[in-house]
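Structural features, examined
What follows is the residue order along each chain.
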Number of protein chains: 6
Amino acid sequence: METMARVTRKEHFSAAHRLFDPALDDAQNFARFGPCSNPGGHGHNYRLEVTVEGPIDPSTGMVLDLRRLHEAVQELVLDKVDHRHLNSEVDFLRGVIPTTENLARCIYQQLEARLPAGRLVRVRIDETDRNSAEYGRSDG
Amino acid sequence: METMARVTRKEHFSAAHRLFDPALDDAQNFARFGPCSNPGGHGHNYRLEVTVEGPIDPSTGMVLDLRRLHEAVQELVLDKVDHRHLNSEVDFLRGVIPTTENLARCIYQQLEARLPAGRLVRVRIDETDRNSAEYGRSDG
Amino acid sequence: METMARVTRKEHFSAAHRLFDPALDDAQNFARFGPCSNPGGHGHNYRLEVTVEGPIDPSTGMVLDLRRLHEAVQELVLDKVDHRHLNSEVDFLRGVIPTTENLARCIYQQLEARLPAGRLVRVRIDETDRNSAEYGRSDG
Amino acid sequence: METMARVTRKEHFSAAHRLFDPALDDAQNFARFGPCSNPGGHGHNYRLEVTVEGPIDPSTGMVLDLRRLHEAVQELVLDKVDHRHLNSEVDFLRGVIPTTENLARCIYQQLEARLPAGRLVRVRIDETDRNSAEYGRSDG
Amino acid sequence: METMARVTRKEHFSAAHRLFDPALDDAQNFARFGPCSNPGGHGHNYRLEVTVEGPIDPSTGMVLDLRRLHEAVQELVLDKVDHRHLNSEVDFLRGVIPTTENLARCIYQQLEARLPAGRLVRVRIDETDRNSAEYGRSDG
Amino acid sequence: METMARVTRKEHFSAAHRLFDPALDDAQNFARFGPCSNPGGHGHNYRLEVTVEGPIDPSTGMVLDLRRLHEAVQELVLDKVDHRHLNSEVDFLRGVIPTTENLARCIYQQLEARLPAGRLVRVRIDETDRNSAEYGRSDG
């Protein structure tokens, strides 16, 4: 049976956001998104997990040096979102409703361009202890 | 490479149960299930995770509104199991030995009938911090 | 040796905030508060713990019914802060820099007025997994 | 300023219970205890923390050998409550409504008789992730 | 749609290790592994999760008795690694750089030989709260 | 009733250690410390909590800037113990059996000398999820 190896790096960031569609007014946004559409916004401590796959390099014993993965996530994601407002201050979220699903998808796309092809498996985000989303390869 | 999005909702419930097969006597049940067959029963704080898959709707940024998923889990599962005895008080567990595996399977079947076809991926239950079971699509 | 009993209720809320002093400009606020003063704000999943002391009532086996404590915290605190911006939308935080220390102090004062005299021991808030504050009786 | 050292051992057990006063009927019990009085019972994964104080013995570097504390808790508490029904199967809980407060108090009394005088500081029990009780020295 | 059931057992062990390649000198090892190559070593509380798949046996309600799985993990893994130095004291790690990836792979191979064919799905190890690795079937 | 405010900063480090008294031989050390005296050593992910007390400064809303506390802990503790062997590589532990109690005591003394007088309340260390020690003011 074929086997595979994966590594996962977990990071954290704190940000504000508001769920709303600029094409709708506040009442319509409240109907769609409930208290998450509060015009003053609210925020979360987000937990971010990035999973990468590949052969274990015999000279290092690693799939990928997690310090390198950490540096990529720091530069491409954390430096842009931590202590920021997700609706207005993040280039890679422009024009996107900042749901957990869209956050996971956009962070996946940020990282995919930087990592060696075929390595990135999945990005998972916990918005709270109860609500999570993941975006990744449909075979992963 | 094909990609996909998933969301997971985590819930909690507290219930009593006893592992035993009514076709066996207490000594035989003890031989099979150990202290989990104690006739007086015991109980757990169960952690329940429900994972759903699908395209991200561009008008909401969501795979599925997690408030809707929460309501379905509340009505179909939590209202029936929380603060209950799983061997005798839960309709969808009638005739079933309430192991973590069977709990996951029966809750999966409860939810599958209500959710849009093809959306439900997996139900996972942590019975304790050390023992868990999941039931779901074999391609998921 | 004298003994005592205490109960603790844990709650959660998600809110946005910004650390800044309106008497200072943005550069001065950045010097004092660093990235926490980002004008666009950021946010957290706050964990709130309320601890109450007293004799165990022999007819209920309780120091205080935690469902009652939950209702008081819901009405006096959570309904006002959850999914809100702490700098502008919370009556009991008006004029206060919303640090974790001040949050703990103001929530303590909210609850003290409602609970029977001498019962409230401490309010503890975890802003993140690394930073916490508590406010309470100096003998508690 | 005087200083002191303490050690804490954390244990777990799973048990069933029901909050009810045998002097009341089911309706009266429901009025007092809500769903916790469900006649079929329910259960929890209890987390138990025992805290002990004393000087650090220079020949061992310890306040108390936590393996010894573990053995005492195992014999005096865990062997009696784990996988049991707290209302009917535990000698040291006989005649007591098994609230978290009473559990903490009775376990404190079980351990106090065994440990060297003046060492036991506090017993804390988490019934769920939201509800906890502690019982201990009023100066601790 | 095909469905499947899985169970997961979580264990813990504490061990020392050092990342280094004996073919390199200390400076070269530092260049490759950073502070993880400190000659004096360091250590971790490792969290180990073993996942097994199979049909739910109707006479037990189980995929596999988790007490049996615990005993196998205890004998084949925990008794060899807990409170040990992974570079020098573990037979199944001889000649291997003890990264999290290699640990997961070697533990998978230890367990695969003992478990019924086709049952073992995956071994996951958390080295810290931030860094994890898993090794398993490429279709799992 | 008098009130007070406290803040707590949580940090992590990974280190190797061995419990043994150099005045004893290996067999005597095993009799006293069990598997913790394994000559090859073992290790842990330590969790460190530092608690500080004081008035809330109205111009900052803080008891103490937790970024300053983090820097002090980084320099005086983490830079010396993280990824190190506690028996041989840490100046402030020289001649001390590195139990959790002694670690807490020595870290308390490291920090007390640096922090403003009367501010440091307590240092708490979790060696594992089950064993913890704290050292601090006997009135705290």
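Residues numbered from 1 in each chain as written. Chains lettered and ligands numbered in written order. Predicted model: local features only at pLDDT ≥ 70, side-chain atom pairs only at ≥ 80, totals over all residues. Heavy atoms only, no water.

1. Here we look at the relation of the copies chain C and chain A
For the pair chain C and chain A, the best superposition has an RMSD of 0.0 Å and corresponds to a rotation of 180° with a translation of 0.0 Å parallel to the axis. Between the two chains, the operation in question is that of a two-fold axis. (Least-squares fit on C-alpha atoms with pLDDT ≥ 70 in both.)

2. What about the interface of chain A and chain B?
With 22 residues of chain A at the contact, the number on the chain B side is 23 residues. Between chain A and chain B, the buried area comes to about 2,000 Å², and carbon and sulfur atoms account for 48% of it. Its largest share of buried area at the contact with chain B, chain A owes to A:Glu101, A:Arg130 and A:Glu134, together 32% of the area lost on that side. Applying the counting rule to chain A against chain B returns 1 salt bridge. In this structure, the salt-bridge partner of B:Glu11 is A:Arg130, at a minimum N-O distance of 3.2 Å. The tally of links from chain A across to chain B stands at 13 residue pairs in polar contact (both at pLDDT 80 or more). Residue assignment for the side of chain A that touches chain B shows that the elements contributing at least two residues are α1 (26–33), α3 (100–112) and β5 (131–137) of chain A. Of the residues that constitute the side of chain A that touches chain B, the class distribution is 7 nonpolar, 7 polar and 8 charged. Bridge count for β5(A) against strand β1 (residues 3–17) of chain B is 7 bridges, and the pairing is antiparallel. What sits directly across from A:Tyr135, in β1(B), is B:Ala5. (Contact = heavy atoms within 4.5 Å. Buried area = accessible area lost by both parts, 1.4 Å probe. Salt bridge = Lys/Arg side-chain N within 4 Å of Asp/Glu carboxyl O. Polar contact = N/O pair within 3.5 Å; in protein donor to acceptor, adjacent residues only side chain to side chain. Helix = DSSP H or I, 4+ residues; strand = E, 2+ residues; numbered from the N terminus. Nonpolar A, V, L, I, M, F, W, Y, C, P; charged D, E, K, R; others polar. Pairing = 2+ DSSP bridges.)

3. Section: the interface of chain C and chain A
Contacts between the two partners involve 20 residues from chain C, matched on the other side by 20 residues from chain A. Summed over both partners, the interface of chain C with chain A comes to about 1,400 Å²; 47% of that surface belongs to carbon and sulfur atoms. Counting across the interface, chain C meets chain A through 0 salt bridges. Of all elements in the fold, only β1 (3–17), β2 (42–53) and β3 (84–85) of chain C reach the threshold of two or more residues within the side of chain C that touches chain A. Of the residues belonging to the side of chain C that touches chain A, the class tally is 4 nonpolar, 12 polar and 4 charged.

4. With respect to the environment of F:Asp21
Assignment of secondary structure puts F:Asp21 in the loop between β1 (3–17) and α1 (26–33). Ignoring anything within four residues of it in the chain, the contact list for F:Asp21 reads D:Ser59, F:Asn29, F:Arg32, F:Phe33 and F:Ile97.

5. Points about helix α3 (residues 100–112) of chain C
Over its 13 residues, α3(C) runs 18 Å from end to end, which matches the ideal 18 Å to within 8%, given 1.5 Å per residue. The complete set of buried residues in α3(C) reads C:Thr100, C:Glu101, C:Asn102, C:Leu103, C:Ala104, C:Cys106, C:Ile107, C:Tyr108 and C:Leu111. The secondary structure elements touched by the buried residues of α3(C) are β2, α2 (66–81), β4 (120–126) and β5 (131–137) of chain C together with β1 of chain F. (Expected span 1.5 Å × (residues − 1). Buried < 20%, exposed > 50% of the residue type's maximum accessible area, 1.4 Å probe, protein only.)

6. Notes on the packing of helix α2 (residues 66–81) of chain F against helix α3 (residues 100–112) of chain F
Residue and element names in this part refer to chain F. At a closest axis distance of 10 Å, the pairing of α2 and α3 adopts a crossing angle of 145°. Once α2 is placed against α3, the crossing between them reads as right-handed. Between α2 and α3, the contacting residues are Ala-72, Val-73, Leu-76, Val-77 and Lys-80 on the first element and Ile-107, Gln-110 and Leu-111 on the second. Considered class by class, the residues forming the contact of α2 with α3 number 6 nonpolar, 1 polar and 1 charged. (Axes fitted to C-alpha atoms, helices over the stretch in contact; angles between N-to-C directions. Left-handed = near helix turned anticlockwise from the far one by under 90°.)

7. Description of the arrangement of the chains
As for chain E relative to chain C, no contact occurs, and the smallest C-alpha gap between them is 12 Å. Across all C-alpha pairs, the smallest distance from chain A to chain F is 14 Å, and the two are not in contact.

8. As for the side chain of A:Asn102
As for its position among the elements, A:Asn102 is in helix α3. At 2.9 Å, the side chain of A:Asn102 forms a polar contact with the backbone oxygen of A:Ile97. When near neighbours in sequence (up to four residues on either side) are disregarded, A:Asn102 contacts A:Val96, A:Ile97, B:Ile56 and B:Gly61.

9. Looking at the confidence of the model for chain A
Residues with a pLDDT of 70 or more make up 100% of chain A, whose mean pLDDT is 96. In the predicted assembly, ipTM is 0.95 and pTM is 0.96. (pLDDT = per-residue confidence, 0-100.)

10. Overview of the relation of the copies chain A and chain B
Overlaying chain A on chain B yields an RMSD of 0.0 Å, the required transformation being a rotation through 120° with an accompanying axial translation of 0.0 Å. Such a combination of rotation and displacement between the chain copies is what one expects of a three-fold axis.

11. Notes on the pairing of strand β5 (residues 131–137) of chain D
Residues and elements named next belong to chain D. Burial analysis of β5 places 7 of its 7 residues in the buried class, the great majority of the element. Of the pairings in the sheet, the one linking strand β4 (residues 120–126) to β5 comprises 5 bridges and is antiparallel in character. For Arg-124, the partnering residue across the bridge sits in β5 and is Glu-134. The antiparallel pairing of β4 with β5 creates a hairpin that spans 4 residues between the two strands.

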